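# Coordinates in review
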Amino acid sequence: MPRNTLHYWVLIVVFISFSSFVMVSLSKEQPSPKQCEDLGFTGLAICSDCNTFAEYVNDKYLISDCKKCCTEDSDDSTSKITYSGAILDVCMRKLVFYPEIVGFIEEEKDKFSTVKIQYLFNSPPKLIMLDDEGQHKETIRIDNWKREHILQFLQKKVPPNSASS
């Protein structure tokens, strides 16, 4: 009997997870940045990228989620977006696997007064971009970024008056 109970609990958990996924997928409203991140989208993609994505993935719900989480295309729209600051989330134990991020933290981080380091257990390296009120605006995974890419990105995205060059 306990084995059957375990199966029921697993089914309930799977059903609840699937239901929340479907509710976000079927919703006509713009999902929050956290919901987009949970779905696997960072918000960095421009909407035309979803069309390219659709050429390789034959899943209308996934494409729909992509289009809900993307940034509208316009002439250089993503390069004009700036933020008031950022939080670099990383797991201290996993830092050994990310020498480029360690290099950024040790040698470049002090150039940005509005970038804070937050050590969270088991967190993949990511930048949480903040709006003027200090609220989470966008999350960007940076697992494979080189130190100079992190530096260039922050120089473009964090206003110059917030960064000490």
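Above this text sits the structure in question.
So, here is what we can say about the structure in this document. (Residues numbered from 1 in each chain as written. Predicted model: local features only at pLDDT ≥ 70, side-chain atom pairs only at ≥ 80, totals over all residues. Heavy atoms only, no water.)

### Here we look at unusual backbone geometry
Stated precisely, the cut-off is as follows: Note on conventions: DSSP H or I runs of at least 4 residues are helices, E runs of at least 2 residues are strands, and numbering of each starts at the N terminus. Whether a residue is buried, partly exposed or exposed follows from its accessible area with a 1.4 Å probe, protein chains only, as a fraction of its type maximum: under 20%, in between, or over 50%, in that order.
Even without a glycine there, the phi angle at Asn122 is positive, about 65°. For Asn122, the location among the structural elements is in the loop between strand 2 (115-119) and strand 3 (126-130). By relative accessible area, Asn122 is classed as partly exposed at 47%.

### Topic: the pairing of strand 3
Successive side chains on a regular strand alternate, one facing one side of the sheet and the next facing the other. Condition: By this definition, two strands are paired if DSSP reports at least two bridges between them.
Of all 5 residues in strand 3, 5 are buried; the element is thus mostly enclosed. Along strand 3, one buried face is formed by Lys126, Ile128 and Leu130 and the opposite face, lined by Leu127 and Met129, is buried too. Sheet topology places strand 1 (residues 85-90) next to strand 3; 5 bridges connect them, and they run antiparallel. Within strand 3, the position partnered with Asp89 by the bridge is Lys126. Between the antiparallel neighbours strand 3 and strand 4 (residues 136-141) lie 5 residues, among them Gly134 with a positive phi of about 80°.

### A word on the packing of helix 3 (residues 47-56) against helix 4 (residues 60-69)
Here is the rule we go by: Helix axes are fitted to C-alpha atoms over the stretch in contact, other axes to C-alpha atoms as well, and angles between N-to-C directions run from 0 to 180 degrees. By definition in this entry, angles of less than 35 degrees are roughly parallel, angles greater than 145 are roughly antiparallel, angles of 65 to 115 are roughly perpendicular, and the rest are oblique. Should the near helix be turned counterclockwise from the far one by less than a right angle, the crossing is left-handed, whereas a clockwise turn marks it as right-handed. Contacts are assigned to residue pairs that have any heavy atoms within 4.5 Å of one another. Each residue gets one label: Ala, Val, Leu, Ile, Met, Phe, Trp, Tyr, Cys and Pro are nonpolar, Asp, Glu, Lys and Arg are charged, and the others, such as Gly, are polar.
Taken N-terminus to C-terminus, the directions of helix 3 and helix 4 make an angle of 165°; their axes are 8 Å apart at the nearest point. Considering their axes alone, helix 3 and helix 4 lie roughly antiparallel with respect to each other. Considering the relative orientation of helix 3 and helix 4, their crossing is right-handed. Contacts between helix 3 and helix 4 involve Cys47, Cys50, Asn51, Phe53 and Ala54 from the first element and Leu62, Ile63, Cys66 and Lys67 from the second. Looking at the contact of helix 3 with helix 4, its residues break down into 7 nonpolar, 1 polar and 1 charged.

### Regarding the packing of aromatic side chains
Our working definition: Two rings from Phe, Tyr or Trp (for Trp, the six-membered ring) form a pair when their centres sit within 6.5 Å of each other. Planes less than 30 degrees apart are called stacked, planes more than 60 degrees apart edge-to-face, and all others tilted.
Taken as a whole and judged by the stated rule, the model has 2 aromatic pairs. Ring geometry for Phe104 against Phe112: centres 6.3 Å apart, planes inclined by 35°, an arrangement best described as tilted. Exposure remark for Phe104: the relative accessible area of 0% places this residue in the buried category. Of the residues examined, Phe112 reaches a relative accessible area of 2% and is grouped as buried. Each ring, one from Trp145 and one from Phe153, has its centre 5.3 Å from the other, and the planes form 70°; the classification is edge-to-face. Of the residues examined, Trp145 reaches a relative accessible area of 22% and is grouped as partly exposed.

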